[in-house]
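Survey of secondary and tertiary structure
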Amino acid sequence: GDEVITVSHTAVATVAAIDLAGATPVLVDINPECYTIDPEKTASAITPHTKAIIPVHLYGHPADMDPILGIANNHNLLVIEDCAQAHGAIYKGKRAGSIGDMGCFSFYPTKNLGAIGDGGIVVTNDATIANKARLLREYGWAERFVSHFGGWNTRLDEVQAAILRVKLKHLDEDNAKRMDIAVRYSHDLENLNVDIPVCRENATHVYHLYVIRTRKRDELFAFLKDKGIGAAIHYPVPVHLQPAYRGRLHSFGGLPETERAAKEILSLPMYPELQGEEIKFILSNIRSVEG
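Quick summary incoming for the structure in this document. In this text the structure is predicted, and so the values were computed from the model without any measurement. (Residues numbered from 1 in each chain as written. Predicted model: local features only at pLDDT ≥ 70, side-chain atom pairs only at ≥ 80, totals over all residues. Heavy atoms only, no water.)

In terms of helices and strands, the protein chain carries nine helices and 13 strands. Going through the 291 residues of the protein chain one by one, you find that 47% of them count as buried. Taking the intrachain contacts of the protein chain between residues at least 6 apart in sequence as the baseline, contacts between residues at least 24 apart amount to 62%. If the 30 positive side-chain charges of the protein chain are averaged to one point and the 36 negative ones to another, these points end up 3 Å apart. (Helix = DSSP H or I, 4+ residues; strand = E, 2+ residues; numbered from the N terminus. Buried < 20%, exposed > 50% of the residue type's maximum accessible area, 1.4 Å probe, protein only. Contact = heavy atoms within 4.5 Å. Lys, Arg positive; Asp, Glu negative; His and termini not counted. Charge placed at Lys NZ, Arg CZ, Asp CG, Glu CD.)

The structure is reproduced here in structure tokens:
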């Protein structure tokens, strides 16, 4: 019967986690400029059954956390940050993952901080939550072979951890390279018929993805693919419209901005090793469609 508020414009993992925990996902609409959770919609979606809010720091840009924290404090709710795309991002001087009660990061290989296989981490400064997370990751064992409650086998492999400890030292440097690439993209795209990413005041965007918006999305996507340019769509089908969840989730007040964005967004190639000539090639081909 517990409810957890989040967005439908996210990787399905966000909603799947709520579902697998036995709670009811309640989906609210997004801010159309930053694609993150709308605080006003969040406040309106709270019921006596609401227990937590999961803001998603999408594409590398932090959600607007101050109003979310205010709502949570007023209603005694947990705030769980989905930081899977925001390693190193900053909101008003605080790193993503250090703002709410806990933060959840993915170490999938394509992330800003990626391993060479699957992995993830939960971060918190709450000792009770930290202890519960440690038990959940290994069958609920406080001591070996004795389960104090149901858990899973979700331990991070030691080899992945070793790799991540080395790569962590280079995270800010790699994020700076992503930001430089984003500046080049934005400079050349701002006069075309596309919407470029927006960064909130007092926040940093670490550009896990560089996402533009255009009414010619499908045409541009097909054109770039034909030229060998690996653009992608994050995400083409909102969670509430996917077969596994259609009709099962409570969508508060309809999700028009979410559904509109899913039809118009396109992720351009973005990784620290992207070279200048490659960027020029990508931009010249975009101008062929959007110029």
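Residue Tyr235 follows His234 across a cis peptide bond; omega there is 15 degrees. Along the chain, Tyr235 turns up in the loop between α7 (217–226) and β12 (250–251). At Tyr139, a residue that is not glycine, the phi angle is positive and equals roughly 60 degrees. Relative to the helices and strands, Tyr139 resides in the loop between α4 (127–136) and β9 (141–143). Positive phi values are uncommon outside glycine, yet Asn202 reaches one of about 65 degrees. With respect to the helices and strands, Asn202 occurs in the loop between α6 (171–189) and β11 (210–213).

Looking at where Phe107 falls in the secondary structure, it is placed in the loop between β7 (102–106) and β8 (120–123). Given the relative accessible area of 6%, Phe107 is considered buried. For the pair formed by Phe107 and Ala21, sequence separation is 86 residues and the distance between their alpha carbons is 21 Å. Apart from the residues within four sequence positions on either side, Phe107 is in contact with His87, Leu113, Gly114, Ala115, Gly117, Gly119, Gly120, Ile121 and Leu164.

Across the interface, α7 lies against helix α9 (residues 276–290) with an axial gap of 10 Å and an inter-helix angle of 140 degrees. Considering their axes alone, α7 and α9 lie oblique with respect to each other. Crossing handedness for the pair α7 and α9: right-handed. Residues Glu219, Leu220, Phe223 and Leu224 of α7 touch α9, and the partners they reach there are Asn285, Ile286, Ser288, Val289 and Glu290. A class-by-class count of the residues in the contact of α7 with α9 yields five nonpolar, two polar and two charged. (Axes fitted to C-alpha atoms, helices over the stretch in contact; angles between N-to-C directions. Parallel < 35°, antiparallel > 145°, perpendicular 65-115°, else oblique. Left-handed = near helix turned anticlockwise from the far one by under 90°. Nonpolar A, V, L, I, M, F, W, Y, C, P; charged D, E, K, R; others polar.)

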